[in-house]
Structure formats: C-alpha cells, structure tokens
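Fold and geometry: a report
Chain residues, written in single-letter form:
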Amino acid sequence: MTTKEKILQTLSSCPDTSISGEKLAEQCDVSRAAIWKAINSLRSDGYSIEGTTNGGYIFSSSSDVFSYENFQKEFSKAFPDFKDSYIECHKEIDSTNTHAKRLLTEAGNLRDGSGNLTEAGKKFHNAVIAAESQSAGRGRLGRTFYSPSKTGIYISMIYAPENGITEPAKLTAFSAVAVCRAIKKLYGIQPSIKWINDIFIGGKKVSGILTEGIMNFETARIESAVIGIGINISDNPDALPDDVKKVAGSITGDFASNKDNGFSKTVTRAAFAAQVAGDVLQILSEDSAKVIEEYKSLSFLIGKTIKVHPIIDNPDSVYEAKAVDIDDKASLVVELSDGSRKTLSSGEVSIHSSEV
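Residues numbered from 1 in each chain as written. Predicted model: local features only at pLDDT ≥ 70, side-chain atom pairs only at ≥ 80, totals over all residues. Heavy atoms only, no water.

**A closer look at the nonpolar core**
Using the following cut-off: Definition used in this section: a nonpolar core is a set of buried Ala, Val, Leu, Ile, Met, Phe, Trp, Tyr and Cys residues joined via side-chain atoms within 4.5 Å. Residue burial is assigned from relative accessible area. The probe radius is 1.4 Å, only protein chains are included, and a residue is buried under 20% of its type maximum, exposed over 50%, and partly exposed in between. A run of DSSP states H or I qualifies as a helix once it reaches four residues; a run of E qualifies as a strand once it reaches two. Both are numbered from the N-terminal end. Residues are treated as being in contact if the distance between any of their heavy atoms lies within 4.5 Å.
Counting residues in each nonpolar core, the largest one holds 72 residues, and the members touching the most others are F75, F272, V276 and L332. With twelve residues, the top contributor of residues to this core is helix 7 (residues 168-187). Apart from residues lying up to four places away in sequence, F272 is in contact with I153, A182, I183, L186, Y187, I231, I233, I251 and V267. Core analysis: the next-biggest nonpolar cluster, separate from the first, contains 16 residues, I19, C28, I35 and A38 among them.

This is the structure:
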C-alpha cells in the first residue's frame, strides 16, 4: 500500500475528525513533507481534506470521489457474494459496453468444447466496468448516450452463466427493476419504467439500459451478455443538446429532490454505482415470475394509449394501440382499435409526456 493509500484509509476511516500530520507521518513511516505531498495529491483527485491550524487534517464525509478503491469497498461491503468479481473503474472511457466487449474478445473462448466456462469465462462472469464519464456512450438503436463527467454513473456488467442465455429480453427488464430498487433504497424515490429499458422519475428519463449479447455462431446460442446502464444523478443542462434536455432528468433534480420527500441521506457515486451493479447481478438469479410481476407494477404504460414504432425512423409504420399487459418473457402486449392483440418483443413505443 502506498503512502497516499495509507493516508486515505486512515483519514476516511475517521471522517470529520482532525488527525495530526505528525501521527500520519509516524503511521506511514515517512516525513511530514511526504504527508503534505500525498495530501495535496488526494485533494487533486477530488477528496475534500481540510488543514487545521494545529497541523491536523480533516477528511470530509461529504467527499464524493469515484475511484476503484471507493467502488470496491462499497461493492464488497454491500454484496459480499460478488466481492471476487473482476472490477475496473475509469475516470473516462469511450464506452463501458464497448470496453467490456473488448475484454471478452481479448479473452478468447469463454467456454470449452463441452460448453463449460473456461478460466476466462469464470474470470469475467459478473465483471463490472464502471466509469465517471464516457466519450462515446451508446444507447439502443445506435443512438448516442450523453455521459458528462461528475453528474452520473455509467456501468457495464458481464453476464456469462453456466448454461448460457436463453431469454435475453429478460436481462434488460430485470436490470430495469434492479435500477429502480437501487434508487428507491438509496434516495427514497420510487422510479417507474417505460418498456423496455428506460427509467423515469417525475416524467423525465433518468436512466437507460443497453444489453448486448455475445453469440457463438457454431452453437447458435448467446453465451454471454453485456448489460450497460447509464444513470443521471444530478443536472448538467449545459452538457446536453437541446433535444435531450427536453426528455432527460436526474435523480436529484428539482422535480425529484430527495429533500422534498424527507430523505436527506447523502449518497456518493461510488456507493450508488456499487448498489446498482450488485442489485443487477443479484436479480439475475431471482425467481423470474416474481421479478416480471415487479416489472409490471413499475411500468407506467399499462392501460395507456401509445404509439408503436415497429420500424425505427419510419413514420409510415407507426400505429396507435393500448398497452394492456407485459407477458412472462417481458414482451409488451398491446390491443389495437379492432380489439385484436399483438405481442411486441422489439421496437419502440412512445407516450405523451403529460401521461408519464
């Protein structure tokens, strides 16, 4: 452990408490000058550390630094079953999903000839790639997912179960439920879901999910998947294009302030990212029927008239229907004007913002 890491561990274990530079120097077996240099380096990383008149240092409990150390600590504490998961944390990355797929490509075969996980498969199953910002974030259907720094979290999980993936649509639906759980637990706010991958609060989208399967063309089955999740925690209107501002919101925005509902707990981005990642990995092994029922209860589409876009960017294909159900495979069931029903497993739907 480096001097910097030792100091961070000591100060963060006693937040809002003064610890003398002399004591830190003794613990680390270095000079006071080395302590001062390490403290300045930690401040440059974003940690709030105040110096006192008597030469002590105070680590602020409100410090919100997104780092591997902070994420790993929160993750292993909240989800000990996943403490050995492969984890990467980045200040900026092109895309967490793109990077996760790069790791899988470089790893080679995740399964042997009998379909069992190889060492690479075992290593990357339940892996978590997290970032503070993305330079080339991606959404569904080739869209851009804007990912400005310090206002949100961007996470991808690699899922490579022993028997492969037979119902990929459920991964997105289950992950949406997991994100709602994490927001409710840490912020005291109840989100809702727009089929199939968008999380809304106060009529605005705060999170999107992009699930990508990795196919084995010899066996014609999906052997693993990358589940990417972007979540807006706080507002940064200047970082978003005008068309995105109209629909994008944030968890702690004015329309969903945790102060308004009496929930004033401070949540660091590392703690929230760890909660989301752990909830997603955990929910994938839960009872399918119960999770689908939870998904349906969180959906705000049921009973509403919607526009179905079966072919994206083709206005001639759009038709109106009433959303009546979500089936056990997470498909949306709609009813047409003539009373007939369709089951949608893909495509996109829209609804008037006033009805959200």
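**Description of unusual backbone geometry**
Look at the link from W195 to I196: it is a cis peptide, with omega at 5 degrees. With respect to the helices and strands, I196 occurs in the loop between strand 7 (192-194) and strand 8 (198-201).

**Describing the pattern of salt bridges**
Spelled out, the test is: Salt bridges are defined by distance alone: a side-chain nitrogen of Lys or Arg within 4 Å of a carboxyl oxygen of Asp or Glu.
Tallying each qualifying case throughout the model produces 16 salt bridges. E132 is paired through a salt bridge with K91; the nearest N and O atoms lie 3.5 Å apart. Taken as a pair, E132 in the loop between strand 5 (127-131) and strand 6 (152-159) and K91 in the loop between strand 4 (87-90) and helix 5 (96-107) lie far apart in primary sequence, 41 residues in all. Look at E132 and you get buried, because its relative accessible area is 3%. Ionic pairing is found between K194 and D198, a salt bridge with its closest N-O pair at 4.0 Å. Each member of the pair K194 and D198 is classed as buried. One continuous salt-bridge network, built from bridges that share partners, spans D64, K91, E132 and R269.

**Description of the side chain of N232**
To keep it simple, the criterion reads: Within 3.5 Å is the distance limit for a polar contact, defined as a pair of N or O atoms, with the added protein rule that one can donate a hydrogen and the other accept it, and that residues adjacent in sequence qualify only through two side-chain atoms.
As for its position among the elements, N232 is in strand 10 (residues 221-232). Within the structure, the side chain of N232 is placed 3.2 Å from the backbone oxygen of G249, a separation counted as a polar contact.

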